[in-house]
Amino acid sequence: LNVHLKKPILAIGISPGPDVEQETHEAADQGGAPQYYVNFSPELTEIITETKYLEQLGFMVPELSRNVALQEEKFSRYVDGLKRMLARYYDALSLLNAAEMQLLDDHIKDLQRVLRAGYKRLNWNSLGIPDFIGRCSHAIGKFESLVNQIQKNADDINARRTMIEDGITIAQVRTVRNIMKENP
């Protein structure tokens with residue numbers, strides 16, 4: 001039981017087991033970036049369930065098993081929060097094309113540094129899991145904002161490039177706008 005509780009809350013690679021997250025497989029196609037998944041052992045879930053049933057049947061169970069079973073709801077919140085946070089991370093990365101990935105490489109590395117505590121330092125006994133989820137969510141939010149801003153700028157540049165290719169000058173666009181204002 002202690003072995004499972006001392007595992008890091010995140011792991012890198014393709015998620016093992018029947019509950020492989022679709023986001024993990026989709027993100028694996030992006031190449032180069034580490035693939036994170038929530039490292040909550042199915043055996044731990046099984047121990048929690050068995051402990052609850054054994055106690056209901058009146059059997060004595062080890063104190064550690066009982067304490068872990070009493071924290072089932074907390075573990076469930078942590079796992080759900082981590083999965084939602086990772087889904088946002090992969091959604092943000094999936095918005096990027098190759099050029100944007102290269103442009104934002106340093107920012108992606110910064111984001112990965114924030115995630116590092118989840119697979120290096122924090123385990124299921126750690127008190128800082130909610131703070132970690134909050135820090136990651138905040139960093140992902142800043143990254144999403146940056147991605148949106150860059151993509152908006154790229155769209156504006158492409159629209160102007162298209163206008164130039166089509167032979168429309170800025171002066172012509174202003175003239176059309178003025179005519180439209182005068183004749184609604």
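Predicted, not measured: the structure shown is a model, and the values here were computed from it.

Novice: What's the story with the packing of aromatic side chains in this structure? I'm lost.
Specialist: By convention here, two paired aromatic rings are described through the distance between centres and the angle between planes. Per the stated rule, a full pass over the model turns up six aromatic pairs. Note on F40 and W124: the rings are 4.9 Å apart at their centroids and 85° apart in plane angle, and the pair reads as edge-to-face. Here F40, found in the loop between β2 (36–38) and α3 (42–56), pairs with W124, found in the loop between α7 (105–120) and α8 (129–165); they are 84 residues apart in sequence, far enough to count as distant. Here F40 and W124 have matching classes, each one buried. Ring geometry for F75 and W124: centres 6.3 Å apart, planes at 80°, overall edge-to-face. Of this pair, F75 sits in helix α5 (residues 72–94) while W124 sits in the loop between α7 and α8, placing them 49 residues apart in sequence. Like W124, F75 is buried. Put simply, the rings of Y36, Y89, Y90 and Y119 pair up and form one aromatic cluster. A cation over an aromatic ring shows up here: K74 above the ring of F75, its NZ or CZ 5.4 Å from the ring centre.

Novice: When you look at the confidence of the model for the protein in this model, what are you seeing that I'm missing?
Specialist: Detailed reading of the predicted model is not advised wherever pLDDT is low. For the protein, per-residue confidence averages 86 on the pLDDT scale, and residues scoring 70 or more make up 88% of the total. Element-level mean pLDDT values for the protein span from 41 in helix α2 (residues 22–28) up to 96 in α5. Per-residue pLDDT stays below 50 along residues 18–30; that stretch engages in 20 contacts with residues further than four places along the chain or on separate chains.

Novice: Could you clarify how one ought to interpret the side chain of N123 in this entry?
Specialist: Structurally, the position occupied by N123 is in the loop between α7 and α8. Relative accessible area serves as the criterion here: at 18%, N123 is assigned to the buried category. Beyond its immediate stretch of four places on either side in the chain, N123 contacts L5, K6, K7, P8, I9 and I129.

Novice: Even after reading the chapter, I still don't get α8, so can you show me in this structure?
Specialist: Note on helix geometry: an α-helix contains 3.6 residues per turn, so any two residues three or four positions apart are oriented the same way. With 37 residues, α8 should reach 54 Å at 1.5 Å per residue; the first-to-last C-alpha distance of 53 Å fits that figure. For α8, the set of buried residues is I129, F132, I133, C136, A139, I140, F143, V147, I150 and Q151. Of the surrounding secondary structure, the elements contacted by the buried residues of α8 are β1 (10–12), α5, α6 (98–103) and α7.

Novice: I would appreciate a short explanation of the layout of surface pockets in the present structure.
Specialist: To find the voids left in a structure, one rolls a probe of water-molecule size over its atoms. Taken as a whole, the second largest pocket spans an internal volume of roughly 160 Å³. As for the second largest pocket, its lining consists of H107, D110, L111, V114, A139, K142, F143 and L146. Counting only elements with at least two residues in the lining of the second largest pocket, the list comes to α7 and α8.

Novice: Would you take a moment to explain helix α4 (residues 63–70) for this structure?
Specialist: Those residues of α4 that sit buried are S65, V68 and A69. Taken end-on, α4 shows its buried residues confined to a sector of 100°, consistent with a single buried face. On its buried face, α4 sits against α1 (2–5), α3 and α5.

Novice: Mind showing me how you'd approach the pattern of salt bridges here?
Specialist: Charged atoms that come close allow side chains of opposite charge to pair. Using the criterion set out here, one finds eight salt bridges in the structure. A salt bridge links K52 to E72; the shortest N-O distance between them is 2.7 Å. Placement of the pair is K52 in helix α3 and E72 in helix α5, with a sequence separation of 20 residues. The exposure class of K52 is partly exposed, given its relative accessible area of 35%. Ionic pairing is found between E144 and R88, a salt bridge with its closest N-O pair at 2.6 Å. One end of the pair, E144, is in helix α8; the other, R88, is in helix α5, and 56 residues separate them in sequence. Under the relative-accessibility criterion, E144 is labelled partly exposed at 23%. R88 gets classed as partly exposed once you look at its relative accessible area, which sits at 30%.

Cut-off values and rules
The residue count restarts for each chain, going from 1 along the sequence in the order it is written. Only residues with pLDDT of at least 70 get local features here, since the model is predicted, and only at 80 or more are side-chain atom pairs given and counted; chain-wide, interface and lining totals rely on the full set of residues. With hydrogens and water set aside, each side-chain value is computed from the structure's full complement of heavy atoms. Centres within 6.5 Å make a pair out of two Phe, Tyr or Trp rings, where for Trp the six-membered ring is used; the pair is then stacked when the planes are under 30 degrees apart, edge-to-face when over 60, and tilted otherwise. Per the convention used, a helix needs a DSSP run of H or I reaching at least four residues, while a strand needs a run of E reaching at least two, with both numbered from the N terminus. Only protein chains enter the accessibility calculation, which uses a 1.4 Å probe; a residue whose area is less than 20% of its type maximum is buried, one above 50% is exposed, and one in between is partly exposed. For a lysine, the NZ atom is tested; for an arginine, the CZ atom; a charge sits over a ring if that atom is within 6 Å of the ring centre and within 35 degrees of the ring normal. You can read pLDDT as the predictor saying how much it trusts each residue, on a scale of 0 to 100. Note on contacts: a residue pair is in contact if any heavy atoms of the two residues lie within 4.5 Å. Expected helix span is given by 1.5 Å per residue-to-residue step, counting one fewer step than there are residues. Method remark: on a 1 Å grid restricted to protein atoms, a set of points is classed as a cavity if a 1.4 Å probe fits but cannot get out and as a pocket if it is open with protein on both sides within 12 Å along at least five of seven lines; lining residues have an atom within 4 Å of a point. Grid points are joined across faces, edges and corners, and a volume is the space filled by probe spheres set on the points. It is the directions from the helix axis to the C-beta atoms that the arc portrays. Whenever Lys or Arg places a side-chain nitrogen within 4 Å of a carboxyl oxygen from Asp or Glu, that contact is recorded as a salt bridge.

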